[in-house]
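# Secondary and tertiary structure notes
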Amino acid sequence: QVQLVESGGGLVQAGGSLTLACAASGRSFSSYAVGWFRQAPGKEREFVAGVSWSGGSTIYADSVKGRFAISRHNAKNTVFLQMNSLRPEDTSVYYCAAGSNDHQTYYYWGQGTQVTVSS
């Protein structure tokens, strides 16, 4: 069993930066890939970024490529999402999830953290 808790959300002006953290508890966390997702009001949840169990492989949605960076620190059971050059359309609730290393199935989800980008 893995429990995930997101933090680091908040209000930021367009062009600014935020770093989200996903803290995990559970012995097997380092064996899972981790993904960040987001969901804005009235919209479907969308994949943002993912990192492999080792941290050696990352993938990004086209909408955030070049602006966001995902990383993990397995010794501290934490995954980070560095978000730069934020845009109003990045406003969403951001969730982290742990799952299969092909990023197809996510078994554990956090409660989410709100990110609001003002224009």
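As shown above, the structure is provided for reference.
Residues numbered from 1 in each chain as written. Predicted model: local features only at pLDDT ≥ 70, side-chain atom pairs only at ≥ 80, totals over all residues. Heavy atoms only, no water.

### A look at the state of the cysteines
Each disulfide consists of one covalent bond between the sulfur atoms belonging to two cysteines. Within this structure, the stated rule accounts for one disulfide. Put simply, Cys22 and Cys96 are joined by a disulfide, and their sulfur atoms are 2.1 Å apart. Classification of the bridge connecting Cys22 and Cys96 rests on its S-S torsion, roughly 70°, and on that basis the disulfide is right-handed. With Cys22 in strand β3 (residues 18-25) and Cys96 in strand β9 (residues 92-99), this pair connects stretches of sequence that are 74 residues apart. Exposure class is identical for Cys22 and Cys96. Each is buried. (Disulfide = S-S within 2.5 Å. Helix = DSSP H or I, 4+ residues; strand = E, 2+ residues; numbered from the N terminus. Buried < 20%, exposed > 50% of the residue type's maximum accessible area, 1.4 Å probe, protein only.)

### Remarks on the environment of Val64
Along the chain, Val64 falls in the loop between β6 (58-60) and β7 (68-73). Looking at Val64, the relative accessible area reads 0%, which means it is buried. C-alpha separation for the pair Val64 and Ala49, spaced 15 residues apart in sequence, amounts to 8.2 Å. Those residues in contact with Val64 that sit more than four places away from it in its chain are Arg38 and Val48. (Contact = heavy atoms within 4.5 Å.)

### Some thoughts on the sheet that holds β7
An order of β1-β3-β8-β7 is seen for the four strands of this open sheet, with the pairing classed as antiparallel. The outermost strands of the open sheet, each flanked by one partner alone, are β1 (3-7) and β7. Strand after strand, the sheet turns through a mean of 15° between neighbouring axes, direction not considered. With six bridges joining them, β3 and strand β8 (residues 78-83) adopt antiparallel strand pairing. Bridge pairing in β8 places Leu18 opposite Met83. (Pairing = 2+ DSSP bridges. Axes fitted to C-alpha atoms, helices over the stretch in contact; angles between N-to-C directions.)

### As for the pairing of β1
The side-chain alternation of β1 yields one buried face, formed by Leu4 and Glu6, and one unburied face, formed by Gln3, Val5 and Ser7. Summarising the sheet, β1 and β3 pair through five bridges and their orientation is antiparallel. Counted as the bridge partner of Glu6 is Cys22 from β3.

### Quick word on the side chain of Thr78
Summarising the element assignment, Thr78 is placed in strand β8. Judged by its relative accessible area of 12%, Thr78 falls in the buried class. In this structure the side chain of Thr78 is engaged in a polar contact, spanning 2.8 Å, whose partner is the backbone oxygen of Lys76. (Polar contact = N/O pair within 3.5 Å; in protein donor to acceptor, adjacent residues only side chain to side chain.)

### Details of the environment of Leu81
Looking at where Leu81 falls in the secondary structure, it is placed in strand β8. Along the primary structure Leu81 and Gly15 are separated by 66 residues, whereas in three dimensions their C-alpha atoms are 16 Å apart. Beyond its immediate sequence surroundings of up to four residues, Leu81 is in contact with Leu18, Thr19, Leu20, Trp36, Val48, Ala49, Phe68, Ala69, Ile70 and Tyr94.

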